[in-house]
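Per-entry structural report
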Amino acid sequence: MAPQRRGPSKAPEGSGAPERRRPISTKKDRAAPREAQRKWLRTAGLGAVLALSAFLLWSSLGSDDGVAEVLAHRGEVLAGRFIEVPCSEDYNSHRRFEGCTPRKCGRGVSDVVITKQEAERIRSIAEKGLSLGGSDGGASILDLHSGALSVGKHFVNLYRYFGDKIRTVFSEEDFRLYREIRQKVQLTIAEAFGLRPSSLHLTKPTFFSRINSTAARTAHDEYWHAHVDKVTYGSFDYTSLLYLSDYLEDFGGGRFVFMEEGANKTVEPRAGRVSFFTSGSENLHRVEKVRWGTRYAITIAFSCNPDHGIADPAFP
């Protein structure tokens, strides 16, 4: 005899026992958590893509490829960093001056020679002078010694071209500050290389530069090519640059690069930073193209040969 199937026992009527019911689940209820998860994943993925794109864009705007090592970061404040390198033979083809011609070669960086305030004041001199002209291309020059000023595709002598107007552009204080800055840089170089300051003679060209991302119009605008100062300017024995604007704040690109096989070294400009080096082939270098913004600097060069010396500029 087959067993009888019994249904679930019913609670007696009026017993007050609650009736247990299984919750009703719909497809819509089950799909909601999955849809929320998919939205979160899409949002997270989009955020990651945007972050990566921003990083790659920042990297491409800020620098060129091929730089292997940063010698001086913009964010560092260096009391003095010096790297000695073997001297090239470039100096052998020039008259030697004992106690000055490089026998100890190298490159150095200091952020304590010129203050931020002095850098701002010396930059204002460059801005005032360059407001009188400026290159059609990306690189403009102002030389207070010779009077050379970029105007369009050419150079003019600002002292002759503008005459008495110059006295309303510059002040005697501007020229006094210029001399003080030059003296501080000269003393820094002499100390780093063990020289008497008097053995170093300011030489030409010593000039302000203003570089932006405008396309080059003439060969004078193509500042980014690798070169050797002693070859380009035979009078140079020691080169220095005083930066007057900040990398990645005022401009992108525009870093100074010492060219070395397999291990380029770069200096990131910051206002008031002084970079200096012996001028021979041991310090082959270039400047990265400026990608955006405006880069200001002043090149101050010294010769061991007194015949190549020039005087400080004087208020006209």
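Here we summarise the structure given alongside this text. Predicted model only: the values in this text are computed from it and were never measured. (Residues numbered from 1 in each chain as written. Predicted model: local features only at pLDDT ≥ 70, side-chain atom pairs only at ≥ 80, totals over all residues. Heavy atoms only, no water.)

1. Focus on the nonpolar core
Formed by 43 residues in total, the largest nonpolar core has its most connected members in Ile 122, Phe 208 and Tyr 238. Sorting the residues of this core by element identifies α2 (116-130), α3 (158-162), α4 (166-169), α5 (172-193), β8 (201-211), β9 (238-243), β13 (274-278) and β16 (295-303) as the ones contributing at least two each. The greatest single-element share of this core, amounting to nine residues, is contributed by α5. Core analysis: the next-biggest nonpolar cluster, separate from the first, contains 18 residues, Leu 71, Tyr 247, Phe 256 and Phe 277 among them. (Core = buried A, V, L, I, M, F, W, Y, C linked by side-chain atoms within 4.5 Å. Buried < 20%, exposed > 50% of the residue type's maximum accessible area, 1.4 Å probe, protein only. Helix = DSSP H or I, 4+ residues; strand = E, 2+ residues; numbered from the N terminus.)

2. Things to note about the side chain of Glu 268
With respect to the helices, strands and loops of the structure, Glu 268 is situated in the loop between β12 (265-267) and β13. Within the structure, Glu 268 has its side chain in polar contact with the backbone nitrogen of Arg 74 (distance 2.8 Å). (Polar contact = N/O pair within 3.5 Å; in protein donor to acceptor, adjacent residues only side chain to side chain.)

3. Examining the pattern of salt bridges
Applying the stated criterion to the full structure yields 19 salt bridges. We note a salt bridge from Asp 136 to Lys 153, for which the minimum N-O separation is 3.6 Å. Linking Asp 136 in the loop between β4 (134-135) and β5 (139-142) with Lys 153 in the loop between β6 (148-152) and β7 (154-157), this pair joins segments that are 17 residues apart in sequence. The exposure class assigned to Lys 153 is partly exposed, which follows from its relative accessible area of 44%. For Glu 180, the salt bridge goes to Arg 176, with nearest N and O atoms at 2.0 Å. With Glu 180 and Arg 176 both in helix α5 and four residues apart, this pair spans about one turn of that helix. In this structure Glu 180 comes out as partly exposed when scored by relative accessible area, which is 30%. One network of salt bridges, with partners in common, ties together Glu 69, Arg 107, Glu 260 and Lys 265. (Salt bridge = Lys/Arg side-chain N within 4 Å of Asp/Glu carboxyl O.)

4. Quick notes on the state of the cysteines
With the rule as written, the count across this model stands at two disulfides. Two residues share a disulfide in this structure: Cys 100 and Cys 304, whose sulfurs sit 2.1 Å from each other. Where Cys 100 bonds to Cys 304 through sulfur, the torsion about that S-S bond is close to -80 degrees, and the disulfide is left-handed. With Cys 100 in the loop between β2 (81-85) and β3 (105-110) and Cys 304 in the segment after β16, this pair connects stretches of sequence that are 204 residues apart. Its relative accessible area of 3% is what places Cys 304 among the buried residues. If you count the bonded cysteines of the protein chain from the N-terminus, they pair up as 1-3, 2-4. (Disulfide = S-S within 2.5 Å.)

5. Brief notes about unusual backbone geometry
Lys 204 connects to Pro 205 through a cis peptide bond whose omega is 0 degrees. Among the secondary structure elements, Pro 205 is positioned in strand β8. Look at Leu 248: it is not a glycine, yet its phi comes out positive at around 70 degrees. Relative to the elements of secondary structure, Leu 248 occurs in the loop between β9 and β10 (251-253).

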